[in-house]
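Each chain is listed here by its residues.
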Amino acid sequence: MDRLAATAVEKILAGERLSPMEALALWDLDLLLLGSLARRVRFRLHPERVVTFVSDRNINYTNICLSGCRFCAFYRPPGHPGGYVLSREELARKLAETRELGGTGILLQGGLHPDLPLSFYEDLVAFIRGYGLQVHGFSPPEIVFFAHQSGLGLKEVLRRLMAAGLTSIPGGGAEILCDGVRRLLSPGKATAAQWLQVMETAHRLGLRTTATMMFGHLETRAERTEHLLKLRELQDRTGGFTAFIPWTFQPGGTALGGEAVGAHEYLRTLAVSRLVLDNIPHLQVSWVTQGDKVAQVALEFGADDFGSTMIEENVVAATGVTFRLSREEIVRLISQAGYTPRQRDHLYRPVEGNIREARPAQASAGAFPPETPPEGAAAPQPPAGGERGNSACPPGTSAPWPPPDAIPVALIARVGAHRDFLDRGVEYEGSRLLTTPFGQANPVHVFRQGGLRFAVLSRHGEAGYEVSAPFVNDRANLYALKTLGVRRILAWCAPGAINPAMAPGHLVVPHDILDETTHGPYTFFPGRGPGFIRHQPVFCPSLRRALLAALEGCPFPVHDGGVYAATTGPRLETVAEIRKLKLLGGDLVGQTLVPEVFLARELELCYVALCYVVNFAEGVAPRPYQPGVLFEGLATEEETARVQAVEAAFGELALKLLPALATATEECFCSRLMERYRRRGDLGEDWRTWFP
Amino acid sequence: MTGPEPYISDAALLPVYDKVMAQERLDFEDGLTLYRSPDLLGVGFLANLVRRRLHGDRAYYIYNQHLNYSNVCVNGCRFCAFGKPKGDPQAYEMSLEEIFAKIEARLHEPITEIHIVGGLHPDLPFSYYLEMLRGIKRLRPTVHLQAFTCVEIAHLAELAGLSVADTLEALKEAGLGSLPGGGAEVFSSRIRRELCPRKLSPEGWLQVAQTAHRLGLRTNATMLYGHLETLEERVEHLLRLRAAQDETGGFLTFIPLAFHPANTGLSHLSHTTGFDDLKTIAVARLMLDNFPHIKSFWIMIGPKLAQLSLTFGADDIDGTVIEERITHMAGAQTPTGLPRQALERLIREAGCEPVERDTLYNVIS
Ligand code: SF4
Ligand code: SF4
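Residues numbered from 1 in each chain as written. Chains lettered and ligands numbered in written order. Predicted model: local features only at pLDDT ≥ 70, side-chain atom pairs only at ≥ 80, totals over all residues. Heavy atoms only, no water.

Chemist: Could you clarify how one ought to interpret the packing of aromatic side chains in this entry?
Modeler: Within a pair of aromatic rings, the relevant descriptors are the distance that separates the centres and the angle that separates the planes. One pass over the structure, following the stated rule, counts 39 aromatic pairs over all chains. With a centroid separation of 6.3 Å and an interplanar angle of 90 degrees, the aromatic rings of B:Phe254 and B:Phe291 are classed as edge-to-face. Taken together, the residues span a long stretch of sequence, with B:Phe254 in strand 7 (residues 251-258) and B:Phe291 in the loop between helix 11 (274-287) and strand 8 (293-294) at a distance of 37 residues. Each member of the pair, B:Phe254 as well as B:Phe291, carries the same accessibility label: buried. An aromatic cluster is defined as three or more aromatic residues linked by ring pairs; in this entry it consists of A:Phe421, A:Tyr428, A:Phe447, A:Phe454, A:Trp492, A:Tyr612 and A:Phe650. Here A:Arg676 stacks its cationic end above the ring of A:Tyr677, 4.6 Å away from the centre of that ring. (Phe/Tyr/Trp six-rings, centres within 6.5 Å; stacked < 30°, edge-to-face > 60°. Helix = DSSP H or I, 4+ residues; strand = E, 2+ residues; numbered from the N terminus. Buried < 20%, exposed > 50% of the residue type's maximum accessible area, 1.4 Å probe, protein only. Lys NZ or Arg CZ within 6 Å of the ring centre and 35° of its normal.)

Below you can see the structure in the form of structure tokens.
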């Protein structure tokens, strides 16, 4: 072994980052050594013997493509009789089928079609989201093409697709990120810089992506290394890549032809990828190109994800490679290799009904982007209990709480709320995706404004209204915020008005809650005792006063006080129900604050709500029914315009309110709500010991 | 690097590592430890140490022709997709003319071995077999004939009313060069009662092989794995082969055969996994310390796994097979032939040096 390679091995064993020359030297190591090193790094990043997979379907919306890449056996030029654009009926059938088969998402890709407008793609995404499926869609060459065609620019195209509900972007079309190779391979396609730029833009908008590498054609190993280093560098800056997926070029039926590289070179490349990409959490096997046997063996060469139970794979199938694997088969392969299979979604969050409980946050959930400088932070240390790495991961109670970089205040708000701050150019630190003992939390976006750091979490998801009220995981969200050191929460919500004085477009700072919901969980301690606590006042009095003071001079009418009646949802209430709530003293009706506020109090968080009225509740003002629009006509156009004015001002308003909340000094008892249980010894001093 | 770090991650393998380094014989428990370890790379590393010690970087292949003269079989083993009862619409038998035509059709190719196996045909006369060998030798005088598994030999002996030794002598005179390793299945009476009750017993199989060895004929040995057998039964199988080899020394190559369930009486089973294939190769290399060669038959496990197996203990990946019926009736998804360049490229990519051999592992240059 030469000196560089020896240094590389030493550095890997010590958990240090490889220099470009050392990365290059890895290629000469023997396969078993590379494998055992990659496996070691894999267990450092993911100490559990768990291998994840996603259940999704590959849908190619069109095979008509202007690009004509030489390695592609799938495309047809415009005008070719074999060209197609998928019809809505066909799409609907595939989507329904996917749901039936337990799929959670769609991998949506297609050729570069000369005359489909951007609205076609937006509709496509929204249509798929309508089936409750995630959309992992449009690789960078497609995005570049849309941007070019629509004249809108990358950022706007991405933003529009996100607004339509796009979940994440697949890393296809990366091939080899060296223009020398690309010119020969796919001259009509996005350049390496363009590919990277799409990813960077997406990451900065809060959209996660994967990255791929197609190798084994014209490139050298040095070019493969360059590809990996380019990804590592971008990941250092944005942290937005979830996974890396290398796969081999399949020559059958392509203009390029030649021989496919073998399993040996595939595994070698996989292992080198794991070793060089120390900052991308997941590494995925490509069973589509390698077959089930090599894919299984690849789990010993650094991979921790088995990819998808792809129901359809047109692009690779066109080259004559037709490996098919069912969910049962993937579960069997993972289990027989000695790992626990776990289904995930496209954001690498465990899908419910899983074999094992999710564990607290660790490297795999990771910071987005990484907070510490990459040097020396390459990977956490191996867990105690041997190199085998099958010990359970530590629950993470050893670090101090609150953390030294605690975020004092958080905003829980509507869909995609963080975008208001991105658009305003507020300094963005990135997002955190935390797994808690109560499951996966929604992403937490961290911003900094005038020395104040604050967190933003969207209750109902990031893009569409993908998590309706009864399905919000309040416990996970609050746990995640508390983990980050948050002590004060501003809950922004959009109720209807029962009290006619509170018209749409008005702001209300409620003072009490009337809980008419039927669906918990209402406590962090089911069946354990703690939770018998007093709720007078419900909302933190100190924050309420600070909030009202800060709202002085705000352009919208503000009501100090109101009773928020909470219902379960997701449906709206009936006339009779509103009448009942009115008789009981309700002023507002909504589906968000309960059980959120009560759970926040169990974690001893100061919590205050700011409501903006979006409509009159059913029966309060007579309104004709209008199918197909939001609230089915419950709000008039004029009212909606007023509500939109509030929404437009939300970001600016929040930037004024949050500092006031962060600096409120009046005394409150919120941080001592569980004091009685502490004194009795039922709960420990450190809140993180409360949940075994 | 030859130390156990970082290759071995399962501490249970360390005692085996010590034995391998000291070139000590492994026992039954070691075999089970290897099989049960989740540490595929660790097991592969141990096997690779032995493989390198014996063969360095060399990886053998052979240019051969396969001939399955008939699929008619009286045994009806449950794991077999090849054998068919006489009269079955899929049953076939080749006439001697057909056989010779197949040989003639490839006379221009540098074939060094003809590999002949078939079912247990109830009424083809012994002379058919003798004529087959003689006729092929006439067409290709220098070719090596590796023909008839121990199971077929026992069957022919019965048909001819001869002893096994006399049967082998007669065939040898007609041109037989060596015996392929098939029909060993798993040496477990439990499995054989369930899957192939009519087949030649393990004792019978070993006896034919050892008789052949005493007559100067080399033979191969196989193990059919991935059906109903336990890991203990696999290890016992290997130990019985090792003991027989200690006595007669005539085994040349061991070939693990992955079970293909499609179109067999066990089609409800899953096919073997990559882990199992590689581990079986590796364990065989480690347990069978007196077998010169371990072959991974690429037709059975596919070229990708065969290539990887060269790093997990195998030193041979069989041949440039053009026609091979047995596995393909059982639905193997692998191509039916690989050209020489493709085979050599596969081997080179695995960091080995391709060496073309004849049946007895003489290097062809
Ligand atoms: S790879 Fe994509 S961009 Fe290239 S020709 Fe095929 S469909 Fe078009
Ligand atoms: S395995 Fe051999 S003996 Fe058994 S049925 Fe098949 S051909 Fe006949």
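Once the structure has been displayed, the description carries forward.
Chemist: In this structure, what is going on with the pairing of strand 3 (residues 105-109) of chain A? I would like to understand it.
Modeler: Sheet faces and side chains relate simply in a regular strand, where the side chains alternate between the two faces. Residue and element names in this part refer to chain A. Counting buried positions along strand 3 yields five of five residues, so the element is predominantly enclosed. Here strand 3 shows a buried face lined by Gly105, Leu107 and Gln109 and a second buried face lined by Ile106 and Leu108. Bridge analysis of strand 3 against strand 4 (residues 134-137) gives four bridges, and the strand direction is parallel. Bridging across to strand 4, Gly105 finds its partner in Gln134. Between the parallel pair strand 3 and strand 4, the chain is carried across by helix 5 (residues 118-129), and the sense of this crossover is right-handed. (Pairing = 2+ DSSP bridges. Right-handed = clockwise from strand over helix to strand, strands pointing away.)

Chemist: What is the right way to read the site of ligand 2 from this model?
Modeler: The environment of ligand 2 is made up of B:Cys73, B:Asn75, B:Gly76, B:Cys77, B:Phe79, B:Cys80, B:Gly83, B:Gly119 and B:Lys199. For the shell around ligand 2, the class distribution of residues is four nonpolar, four polar and one charged. (Near = heavy atom within 4 Å. Nonpolar A, V, L, I, M, F, W, Y, C, P; charged D, E, K, R; others polar.)

Chemist: Any chance you could explain the interface of chain A and chain B here in plain terms?
Modeler: Quoted interface sizes are often the accessible area lost when the parts come together. The interface is formed by 37 residues belonging to chain A together with 33 residues belonging to chain B. Regarding the contact of chain A and chain B, the summed buried area is about 2900 Å², with carbon and sulfur atoms giving 61% of it. Scanning the region where chain A abuts chain B turns up three salt bridges. The closest approach of N and O atoms between B:Glu5 and A:Arg40, which form a salt bridge, is 3.0 Å. Linking chain A with chain B are 21 residue pairs in polar contact (both at pLDDT 80 or more), by the criterion used here. Those elements that place two or more of their residues in the side of chain A that touches chain B are helix 1 (3-14), helix 3 (31-45), helix 11 (263-276), helix 12 (287-297) and helix 14 (327-336) of chain A. By residue number, the principal contributor to the side of chain A that touches chain B is helix 3 of chain A, which donates eight residues. (Contact = heavy atoms within 4.5 Å. Buried area = accessible area lost by both parts, 1.4 Å probe. Salt bridge = Lys/Arg side-chain N within 4 Å of Asp/Glu carboxyl O. Polar contact = N/O pair within 3.5 Å; in protein donor to acceptor, adjacent residues only side chain to side chain.)

Chemist: In this structure, what is going on with the sheet that holds strand 19 (residues 496-497) of chain A? I would like to understand it.
Modeler: To summarise the sheet geometry, strands pair through backbone hydrogen bonds and adopt either a parallel or an antiparallel arrangement. All names here are of chain A. The five strands lie next to each other as 21-23-24-19-26, forming an open sheet whose pairing is mixed. Looking at which strands have only one partner, the edges of the open sheet turn out to be strand 21 (512-515) and strand 26 (615-616). Running at roughly 120 degrees to strand 21, helix 19 (residues 593-602) makes contact with strand 21 and strand 23 (563-566) of the sheet. (Axes fitted to C-alpha atoms, helices over the stretch in contact; angles between N-to-C directions.)

Chemist: Explanation requested: the environment of B:Ile111 in the structure shown.
Modeler: All names here are of chain B. With respect to the secondary-structure elements, Ile111 resides in the loop between helix 4 (96-105) and strand 3 (113-116). Given the relative accessible area of 6%, Ile111 is considered buried. Counting along the chain gives 247 residues from Ile111 to Asp358, while the straight-line C-alpha distance between them is 9.2 Å. Ignoring anything within four residues of it in the chain, the contact list for Ile111 reads Tyr63, Asn64, Gln65, Arg106, Arg140 and Val143.

Chemist: Which parts of the structure should I look at to understand unusual backbone geometry?
Modeler: Peptide bonds are trans in most cases, and residues, glycine excluded, mostly fall at negative phi. Residues and elements named next belong to chain A. In this chain, Gly569 is followed by Pro570 through a cis amide linkage whose omega measures 5 degrees. Locating Pro570 in the fold gives a position in the loop between strand 23 and helix 18 (575-583). Cis geometry marks the peptide bond from Val594 to Pro595, where omega comes out at 0 degrees. The phi dihedral of Phe138 is positive, around 65 degrees, even though this residue is not glycine. Inspection of the secondary structure assignment puts Phe138 in the loop between strand 4 and helix 6 (140-150). Judged by relative accessible area, which is 0%, Phe138 ranks as buried. The backbone of Tyr348 shows a phi angle near 65 degrees, a positive value even though the residue is not glycine. Tracing the backbone through its elements, the reader meets Tyr348 in the loop between strand 10 (340-344) and strand 11 (367-368). Classification of Tyr348 by relative accessible area gives buried; the value is 13%.

Chemist: In this structure, what is going on with the pattern of salt bridges? I would like to understand it.
Modeler: A side chain with one charge may pair with a side chain of the opposite charge, provided their charged atoms come close. All names here are of chain B. By the definition in use, this model includes 56 salt bridges over all chains. Across the pair Asp289 and Arg25 runs a salt bridge, and its minimum N-O distance is 2.9 Å. Within this pair, whereas Asp289 is found in the loop between helix 11 and strand 8, its partner Arg25 is found in the loop between helix 1 (14-21) and helix 2 (28-36), the two being separated by 264 residues in sequence. By relative accessible area, Asp289 is classed as partly exposed at 36%. Where Asp57 meets Arg52, a salt bridge forms, and the shortest distance between an N and an O atom there is 2.4 Å. Judged by its relative accessible area of 39%, Asp57 falls in the partly exposed class.

Chemist: What is the right way to look at the environment of A:Arg642 in this model?
Modeler: Considering the arrangement of structural elements, one finds A:Arg642 in helix 20 (residues 637-663). Measuring from C-alpha to C-alpha, the distance between A:Arg642 and A:His506 comes to 8.7 Å, with 136 residues separating the pair along the chain.

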